Amino acid sequence: MQVPVMQANGAKIPLVGLGTWDLRGRTCARMVDAALRLGYRHIDTAEMYDNEREVGEGLRASGVARDAVFVTTKIWPSHFARRELEQAANASLARLRLEQVDLLLLHWPNPQIPLSETLDALCKVKRTGLARHIGVSNFNVALLDQAVKLAAEPLVCNQVEMHPLLDQSKVVAASRGHGMAVVAYSPIARGSAANNKVLARIGKAHGKSAAQLSLRFLVQQGIVVIPRTSRVERLSENLAIFDFELSPAEMREIADLAHPGGRIVDYAYSGSPQWD
Ligand SMILES: NC(=O)c1ccc[n+]([C@@H]2O[C@H](COP(=O)([O-])OP(=O)(O)OC[C@H]3O[C@@H](n4cnc5c(N)ncnc54)[C@H](OP(=O)(O)O)[C@@H]3O)[C@@H](O)[C@H]2O)c1
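Residues numbered from 1 in each chain as written. Predicted model: local features only at pLDDT ≥ 70, side-chain atom pairs only at ≥ 80, totals over all residues. Heavy atoms only, no water.

Participant: Quick question: what am I supposed to make of the overall build of the chain here?
Facilitator: On a plain count of helices and strands, the chain comes out with 10 helices and 10 strands. For the chain, whose C-alpha radius of gyration is 18 Å, the value lies close to the compact-globule estimate of 19 Å for 276 residues. The buried share among the 276 residues of the chain stands at 54%. Long-range pairs, those at least 24 residues apart, make up 76% of the contacts in the chain between residues at least 6 apart in sequence. Of the accessible surface of the chain, which amounts to about 12100 Å², a share of 49% is contributed by carbon and sulfur atoms. Computing the positive centroid from 32 side-chain charges and the negative centroid from 28, the chain places the two 2 Å apart. (Helix = DSSP H or I, 4+ residues; strand = E, 2+ residues; numbered from the N terminus. Rg over C-alpha atoms; globule rule 2.2 N^0.38 Å. Buried < 20%, exposed > 50% of the residue type's maximum accessible area, 1.4 Å probe, protein only. Contact = heavy atoms within 4.5 Å. Areas by Shrake-Rupley, 256 points an atom, 1.4 Å probe, with all protein chains shown as cover. Lys, Arg positive; Asp, Glu negative; His and termini not counted. Charge placed at Lys NZ, Arg CZ, Asp CG, Glu CD.)

Here it is in structure tokens:
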């Protein structure tokens with residue numbers, strides 16, 4: 001099965017990718033390898049995940065051609081100063097054992113370093129060929145508007161928390177207004193969407209699981225999803241979301257699940273050396 005792609009500011013991003021936060025060591029390499037063999041063509045990692053080496057190993061073990069896979073990594077905000085950003089990008093590539101990543105993101109905003117300096121450095125990294133595309137993550141509407149104004153190269157995505165329990169319509173509209181893709185992280189709400197009764201009931205009518213409904217709800221809106229699993233059998237489940245369609249009434253009912261306490265990742269970078 002070929003995964004459909006989302007086009008945004010010149011990038012073609014496969015609508016489903018494998019999230020790898022918290023996948024470590026052999027499990028990580030094995031899951032990346034298995035995912036690519038099953039048809040995944042998009043892998044999401046970050047310098048913070050401490051698994052770029054294993055992501056690269058899985059990529060090579062799969063035998064899938066390098067240019068057929070969309071690899072994203074992210075720079076941690078403690079490396080947002082001009083020189084450090086380029087060093088961090090080079091270090092990620094060395095760990096991945098790749099010459100270039102497909103997408104390089106600023107992982108979280110860092111209020112301590114001018115955004116203009118960071119974006120200059122990010123654009124330079126793109127121009128020197130270390131990254132095919134660049135983008136941001138966890139940027140709110142105001143920061144996104146600033147980033148787009150400051151960047152000399154196109155930003156292709158904003159990666160944000162998104163699932164049926166959280167309303168992200170404002171940041172989605174802003175990202176789209178700039179021609180950017182939205183990449184949904186925690187797209188099954190870290191597993192809790194898999195236990196949701198409404199998703200399970202609607203899913204039953206389609207012969208699909210609640211987790212698949214959570215993912216379908218997003219991709220049907222043109223949102224890229226990067227679900228993570230450590231279980232090989234769930235890799236195919238999370239990919240089997242393109243052979244059914246939710247009705248407008250079902251989409252509305254799922255959208256109504258969003259509530260103010262639905263956010264999972266409540267974090268702001270404060271300069272502490274601790275990972276999120
Ligand atoms: N940019 C950022 O700041 C940021 C922040 C958070 C995450 N991310 C990225 O987004 C990725 C995904 O987000 P996430 O890891 O937070 O959460 P997620 O993908 O929403 O959920 C992962 C959890 O769901 C379970 N799961 C997976 N497939 C399932 C299925 N079909 N049925 C039932 N349970 C299932 C997994 O358990 P099993 O392992 O047991 O299957 C795991 O506990 C991350 O791995 C990372 O790459 C980015």
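Participant: What's the story with the pairing of strand 8 (residues 155-161) in this structure? I'm lost.
Facilitator: As a general feature of sheets, a regular strand has side chains that alternate between the two faces. In terms of burial, strand 8 is largely enclosed, as 7 of its 7 residues are buried. Assessed by its sense of winding, the connection that carries the chain from strand 7 (residues 131-137) through helix 5 (residues 141-150) to strand 8 is right-handed. (Right-handed = clockwise from strand over helix to strand, strands pointing away.)

Participant: How should I be thinking about the site of the ligand in this particular structure?
Facilitator: Taken together, the neighbourhood of the ligand is formed by 29 residues, with Arg190, Arg228, Thr229, Ser230 and Arg234 sitting nearest. Backbone polar atom of Ile188 to an oxygen atom of the ligand: 2.9 Å apart, as the coordinates give it. Protein contacts shield 91% of the accessible area of the ligand, which totals 900 Å² for the unbound molecule. Per-element accounting of the shell around the ligand gives the leading share, 3 residues, to helix 9 (residues 232-239). The class makeup of the residues in the shell around the ligand is 11 nonpolar, 11 polar and 7 charged. (Near = heavy atom within 4 Å. Polar contact = N/O pair within 3.5 Å; in protein donor to acceptor, adjacent residues only side chain to side chain. Nonpolar A, V, L, I, M, F, W, Y, C, P; charged D, E, K, R; others polar.)

Participant: Looking at this structure, I do not really get the pattern of salt bridges. What am I missing?
Facilitator: Where charged atoms of side chains with opposite charge meet at close range, the side chains can pair. Here the structure, examined in full by the defined rule, presents 11 salt bridges. The residue Arg37 makes a salt bridge to Asp33 at a minimum N-O spacing of 2.6 Å. Taken as a pair, Arg37 and Asp33 lie in helix 1 (residues 25-38) at a separation of 4 residues, close to a single helical turn. Judged by its relative accessible area of 56%, Arg37 falls in the exposed class. Between Glu153 and Lys126 there is a salt bridge whose closest N-O contact spans 3.3 Å. Remark: Lys126 occurs in helix 4 (residues 115-127) and Glu153 occurs in the loop between helix 5 and strand 8; sequence separation between them is 27 residues. For Glu153, a relative accessible area of 18% translates into the label buried. (Salt bridge = Lys/Arg side-chain N within 4 Å of Asp/Glu carboxyl O.)

Participant: What am I meant to see in the side chain of Glu250 here?
Facilitator: Relative to the elements of secondary structure, Glu250 occurs in helix 10 (residues 248-255). Within the buried core, Glu250 has no salt-bridge partner, and the shortest N-O distance to an opposite charge, that of Arg201, equals 7.3 Å. Other than its neighbours up to four places away in sequence, Glu250 contacts Ile202, His206 and Glu245.

Don't take any of this as a statement about function, it's just geometry.
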